[in-house]
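Structural description and commentary
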Amino acid sequence: MKAMVLKEISPIEKEPLEIMDLPDPFPGSKEILVKISACGICHTELDEIEGRLPPKLPIVLGHQIVGRVEKLGSGGIRFNLGDRVGIAWIHSACGKCHFCREGKENLCLGFQGTGCHANGGYAQFTVVSEDFAYVIPERFSDAEATPLLCAGAIGYRDLILSGIKKGQTLGLFGFGASAHIVIQVAKYWGCEVFVFTRSETHRDLAKNLGASWTGGPEDKPPEKLHCAIDFTPVGETVVHALRVLEKGGRLVLAVIRKRNLIPPLDYAQLLWDEKEIKSVANITRKDAQEFLALAAEIPIIPEVQEFKLEEANQALILLKQGKIQGAGVLRMLD
Ligand SMILES: [Zn+2]
Ligand SMILES: [Zn+2]
C-alpha cells in the first residue's frame, strides 16, 4: 500500500513525510482491515512531527479515518465486509486500569493513540480492533465525516467539560477545524458564541456559522464569558481568555501541546473569583459515539478542504499557518 511515513522528528517546513510502499497490514483476532477513503489532518500531527508529542518511529500518522471494511480478523462480530467505519484518536485502552474502570479510558495508563503508537490513516489501509471503530451516520460523505472523529469529538468533550449551560456565553479562541464544529453544537444548545481569531477569513466563517461577535484575541467582547475554549497553540491566549472570563467561569484548554509557555498569571486579576482552568486529554469511545449521533441530529455541516495523500506535507504547512478553512482532509485514490 501507499503511505506517507514519518521517519524522524523535524520541522514540517522540511516536508519530512515521505511517500512509501508498505506491505498491506493484516487484521489480527477481532481486528478489521480498513480500506481508507479519507483521513483528516490535525494539529496533533504537527505536534508529533515537530517532537512536542513524539510518536513511535517510523509511523504512519492520521487519526480521523473513514473507510470500508476490507477484511475481517478471526472472531470479529461487529462488522461485515464493505461496512463504512470511522477510526478516531483512541486506538486502544487496556480496559483494566482504574481509569478504564471509571469510564475515563481517555486517561488509561496504557492508552494507545492512532497514528502515534499504532499506524494511522495517511495510507491506503489500516487495521484496528473492531471495538475501537465507529459506524458513520449516512448523511455525511466520507470526507465530511473525517473531522467529526477528532476535531468534532474532542470539541464535544471540550464543550461538556466547559460545563456550558443553555443561554450562556461561550468564547472560542482560535477558529479552525474543531471550533467551526463546536460553534454549531453550542448554537444548537442555545448559547451565545463569541469568536476570537486574527484571521479575517476565519472571522467570516464564524459569522456565517452564527457567532454574534468576532474579534482578535486581545479584544474585549460585548459580555464576559461564562465559559471559554482555547484551541490556539500559543501560551498567551490563556491570559487573554482569563481576562474576559466571568467570575466562576471555566477556561478549557483544548490542545495537546502549546508551542510556547503560558506567561505568568496575575492571581488577583486573572484567577481569583473562582475561575477555573481545565485541560482536555484524548477522547473516550463514548465521546465519539455520542458526538456522531448528535452531529447527524443537528446536523453539523463540516467545511472541508481536500488534498491528495501525497500533498500531506503541504496541507500540514497550511494548517500550521492557519490557512485552512474548516478542516483539511487527505483523499486516497485507488
Ligand atoms: Zn486530532
Ligand atoms: Zn486502562
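Here goes a summary of the coordinates provided. (Residues numbered from 1 in each chain as written. Chains lettered and ligands numbered in written order. Predicted model: local features only at pLDDT ≥ 70, side-chain atom pairs only at ≥ 80, totals over all residues. Heavy atoms only, no water.)

1. Some remarks on the overall build of the protein chain
- Looking only at helices and strands, one finds nine helices and 17 strands in the protein chain.
- The C-alpha atoms of the protein chain give a radius of gyration of 19 Å, which matches the 20 Å a tight globule of 334 residues would have.
- Taken along the three principal axes of its C-alpha coordinates, the protein chain extends 60 × 40 × 35 Å.
- Burial statistics for the protein chain: of 334 residues in total, 56% are counted as buried.
- Surface accessibility of the protein chain: about 14,300 Å² in total, with carbon and sulfur atoms responsible for 52%. (Helix = DSSP H or I, 4+ residues; strand = E, 2+ residues; numbered from the N terminus. Rg over C-alpha atoms; globule rule 2.2 N^0.38 Å. Buried < 20%, exposed > 50% of the residue type's maximum accessible area, 1.4 Å probe, protein only. Areas by Shrake-Rupley, 256 points an atom, 1.4 Å probe, with all protein chains shown as cover.)

2. Overview of the coordination of the zinc ion (ligand 1)
- Within the first shell, the zinc ion (ligand 1) binds the protein through Cys42 (SG), His63 (NE2) and Cys150 (SG), at distances of 2.0 to 2.2 Å.
- Spacing between the donor residues of the zinc ion (ligand 1) along the chain follows C-x20-H-x86-C. Here Cys42 is found in the loop between β3 (31-40) and α1 (43-49), whereas its partner Cys150 is found in helix α3 (residues 142-162), with 108 residues between them in sequence. Accessibility classification places Cys42 together with Cys150 in one group, the buried group. (Donors = N, O, S within 2.8 Å, 3.2 Å for Na, K, Ca; no water.)

3. What to know about the packing of α3 against helix α8 (residues 285-297)
- Contact pair α3 / α8: the axes reach a minimum separation of 9 Å and the direction vectors enclose 100 degrees. With respect to α8, the element α3 is oriented roughly perpendicular. For the pair formed by α3 and α8, the contact residues are Leu148, Leu149, Gly152, Ala153, Tyr156 and Arg157 on the first element and Asp287, Ala288, Glu290, Phe291, Leu292, Leu294 and Ala295 on the second.
- When the residues that make up the contact of α3 with α8 are grouped by side-chain class, the tally is nine nonpolar, one polar and three charged. (Axes fitted to C-alpha atoms, helices over the stretch in contact; angles between N-to-C directions. Parallel < 35°, antiparallel > 145°, perpendicular 65-115°, else oblique. Contact = heavy atoms within 4.5 Å. Nonpolar A, V, L, I, M, F, W, Y, C, P; charged D, E, K, R; others polar.)

4. Remarks on the environment of Ser29
- Here Ser29 lies in the loop between β2 (18-21) and β3.
- Note on Ser29: relative accessible area 55%, which makes it exposed.
- Along the chain, Ser29 and Arg250 lie 221 residues apart, while their C-alpha atoms are 43 Å from each other.

5. Some remarks on the pairing of strand β13 (residues 225-230)
- Across the six residues that make up β13, a large majority, five, are buried.
- Strand direction decides the pairing type here: strand β10 (residues 169-173) and β13, joined by four bridges, are parallel. Within the sheet, the bridge partner assigned to Leu170 lies in β13 and is Cys227.
- You can see the chain leave β13, run along helix α6 (residues 236-243) and come back into strand β14 (residues 245-253), and the turn it takes is right-handed. (Pairing = 2+ DSSP bridges. Right-handed = clockwise from strand over helix to strand, strands pointing away.)

6. Some thoughts on the pattern of salt bridges
- Under the counting rule described, the total for this entry stands at 17 salt bridges.
- Between Asp47 and Arg52 there is a salt bridge, with its nearest N and O atoms 2.7 Å apart.
- Residue Arg52 is classed as partly exposed on the basis of its relative accessible area of 22%.
- Salt-bridge contacts for Arg84 lead to Asp142; the nearest nitrogen and oxygen are separated by 2.8 Å. In this pair, Arg84 sits in strand β5 (residues 84-87) while Asp142 sits in helix α3, placing the two residues 58 residues apart along the sequence. Like Arg84, the residue Asp142 is buried in the burial classification. (Salt bridge = Lys/Arg side-chain N within 4 Å of Asp/Glu carboxyl O.)

7. Examining the coordination of the zinc ion (ligand 2)
- Taken together, Cys94 (SG), Cys97 (SG), Cys100 (SG) and Cys108 (SG) make up the protein donors of the zinc ion (ligand 2), found 2.3 to 2.4 Å from the metal.
- With four donor atoms in place around the zinc ion (ligand 2) and angles of 104 to 118 degrees between them, the coordination shape is tetrahedral.
- Counting the intervening residues between successive donors of the zinc ion (ligand 2) yields the motif C-x2-C-x2-C-x7-C. Highlighted residues: Cys97 in the loop between β6 (90-92) and α2 (98-101) and Cys108 in the loop between α2 and β7 (112-113), separated in sequence by 11 residues.
- Taking relative accessible area as the criterion, Cys97 reaches 10% and is therefore assigned buried.
- For Cys108, a relative accessible area of 6% corresponds to the buried category. (Tetrahedral: all angles 85-135°; square planar, octahedral: opposite > 155°, others 65-115°.)

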